[in-house]
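Structural features, examined
Each chain, written out:
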Amino acid sequence: MATERILIVGLGGLGVPALWALARAGAQWKRLTIVDPDPVELSNLARQVIYRSRDTGTPKVEAAARWLVERFPEVNVERHPIALEASNAARLVAAHDFVIDATDSPAAKFLINDTCIAARTPFVYGGVVGMTGQAMTVIPGETACIRCVFETPPDDNENEIQSCREAGIVGPVAGAIGEMQAEEAIRAWRAQTPLLSGKILTYDASGPARVRIA
Ligand SMILES: [Zn+2]
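In short, a report on the structure.

**Notes on the overall build of the chain**
Within the chain, the secondary structure is distributed over 7 helices and 8 strands. Put simply, the chain has 214 residues, and 50% of those count as buried. Here the contacts in the chain between residues at least 6 apart in sequence split such that 65% fall between residues at least 24 apart. Only carbon and sulfur atoms are counted for the fraction: they give 52% of the accessible area of the chain, which is about 9,600 Å².

Structure follows, in structure tokens:
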């Protein structure tokens, strides 16, 4: 599995640390693509640390690309200030070798899952609810997918979505999961088997140190 083109869907609490980790990993990326429909908001600045107050109102993909190019001028980044939707998902996924699911909606997660399965493109799922984060890499045709593992995704009901929004995503948990997702992409890029292929990593920050892989 040679990975040269990485697609990051979502540039929030997961996507920002994933993007940063990929950029740090070196100049060898042939292409990074970032997709997010939202502008930078003031509330993003504290935990999505690449954004500055002057970026408020600018599309996240533009602010993130500017940040990247200033620090890692060799990285080639393609940006789409749009939401991943049924109408564009197949085309976007088909243009990439590995996908990082850094979204925060069950619908987007299922869309990424189903599109990647159809395209036989590996991807890494990431999710954070409250103080708990999870990550899992799906290799189509080889490992279980998100629908196999979560009969309903962990955040797929009104109450939990509500509680997640009220509680806010805990920055360090999202940061750790986003970095792990980048690590999975880097392993794929090095033609290594991602560590979380068919395995769920759970990081529970609510008690004494608890990282579990099952
Ligand atoms: Zn499945």
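**What about the coordination of the zinc ion?**
Around the zinc ion, the protein contributes the donor atoms Cys145 (SG) and Cys148 (SG), at 2.0 to 2.1 Å from the metal centre. Here Cys145 falls in the buried class, since its relative accessible area comes to 12%. Classification of Cys148 as exposed rests on a relative accessible area of 54%.

**Describing the nonpolar core**
With 41 residues, the main nonpolar core has Leu19, Leu22, Ile34, Leu68 and Ile100 as its most contacted residues. Of all the secondary structure elements, the ones that give two or more residues to this core are strand 1 (5-9), helix 1 (15-24), strand 2 (31-35), helix 2 (60-71), strand 4 (98-101), strand 5 (123-129), helix 7 (171-189) and strand 7 (200-204). Among the elements that make up this core, the one with the highest residue count is helix 7 (8 residues). Sequence-distant contacts of Ile34, that is, excluding residues within four places in its chain, are made with Ile8, Leu11, Leu19, Val61, Ala64, Ala65, Val77, Glu78, Arg79 and His80. Counting residues in each nonpolar core, the second largest holds 20 residues, with Leu92, Ile112, Met136 and Val138 among its members.

**Looking at the sheet that holds strand 7**
Judged by pairing direction, the sheet is mixed, and its 8 strands sit side by side in the order 3-2-1-4-5-6-7-8 without closing on themselves. A strand with exactly one partner marks an edge of an open sheet, and here the two such strands are strand 3 (77-80) and strand 8 (211-213). Across the sheet, the mean angle separating the axes of adjacent strands is 15 degrees when strand polarity is ignored. Bridge analysis of strand 7 against strand 8 gives 3 bridges, and the strand direction is antiparallel. Across the sheet, residue Tyr203 finds its bridge partner in strand 8, namely Val211. Sitting on the sheet, helix 1 is in contact with strand 1, strand 2 and strand 4, with an inclination near 160 degrees to strand 1. Lying on the sheet, helix 4 (residues 106-119) is in contact with strand 1, strand 4, strand 5 and strand 6 (132-138); it crosses strand 5 at an angle near 170 degrees.

**Let's talk about unusual backbone geometry**
Positive phi, normally seen in glycine, also occurs at Arg120, with a value near 55 degrees. The topology assignment puts Arg120 in the loop between helix 4 and strand 5. Positioned with a positive phi, Ala191 is a non-glycine residue whose angle comes to about 60 degrees. Take Ala191: its relative accessible area is 56%, and that puts it in the exposed class.

**Digging into the pattern of salt bridges**
Applying the stated criterion across every chain yields a total of 9 salt bridges. One salt bridge connects Glu62 with Arg79, and the closest N-O pair in it is separated by 2.8 Å. On the criterion of sequence distance, the pair formed by Glu62 in helix 2 and Arg79 in strand 3 is long-range, its members being 17 residues apart. One salt bridge connects Arg187 with Glu184, and the closest N-O pair in it is separated by 2.8 Å. Linking Arg187 with Glu184, this pair stays in helix 7, spanning 3 residues, or about one helical turn. Judged by its relative accessible area of 1%, Glu184 falls in the buried class.

**Things to note about the pairing of strand 6**
Burial of strand 6 is extensive: 6 of the 7 residues sit out of reach of the surface. Strand direction decides the pairing type here: strand 5 and strand 6, joined by 7 bridges, are antiparallel. Residue Val124 lies in a different strand from strand 6, and its bridge partner there is Thr137. Between the end of strand 5 and the start of strand 6, which pair antiparallel, lie 2 residues, with Gly130 showing a positive phi angle near 60 degrees.

What counts as what
Residues numbered from 1 in each chain as written. Predicted model: local features only at pLDDT ≥ 70, side-chain atom pairs only at ≥ 80, totals over all residues. Heavy atoms only, no water. Helix = DSSP H or I, 4+ residues; strand = E, 2+ residues; numbered from the N terminus. Buried < 20%, exposed > 50% of the residue type's maximum accessible area, 1.4 Å probe, protein only. Contact = heavy atoms within 4.5 Å. Areas by Shrake-Rupley, 256 points an atom, 1.4 Å probe, with all protein chains shown as cover. Donors = N, O, S within 2.8 Å, 3.2 Å for Na, K, Ca; no water. Core = buried A, V, L, I, M, F, W, Y, C linked by side-chain atoms within 4.5 Å. Pairing = 2+ DSSP bridges. Axes fitted to C-alpha atoms, helices over the stretch in contact; angles between N-to-C directions. Salt bridge = Lys/Arg side-chain N within 4 Å of Asp/Glu carboxyl O.

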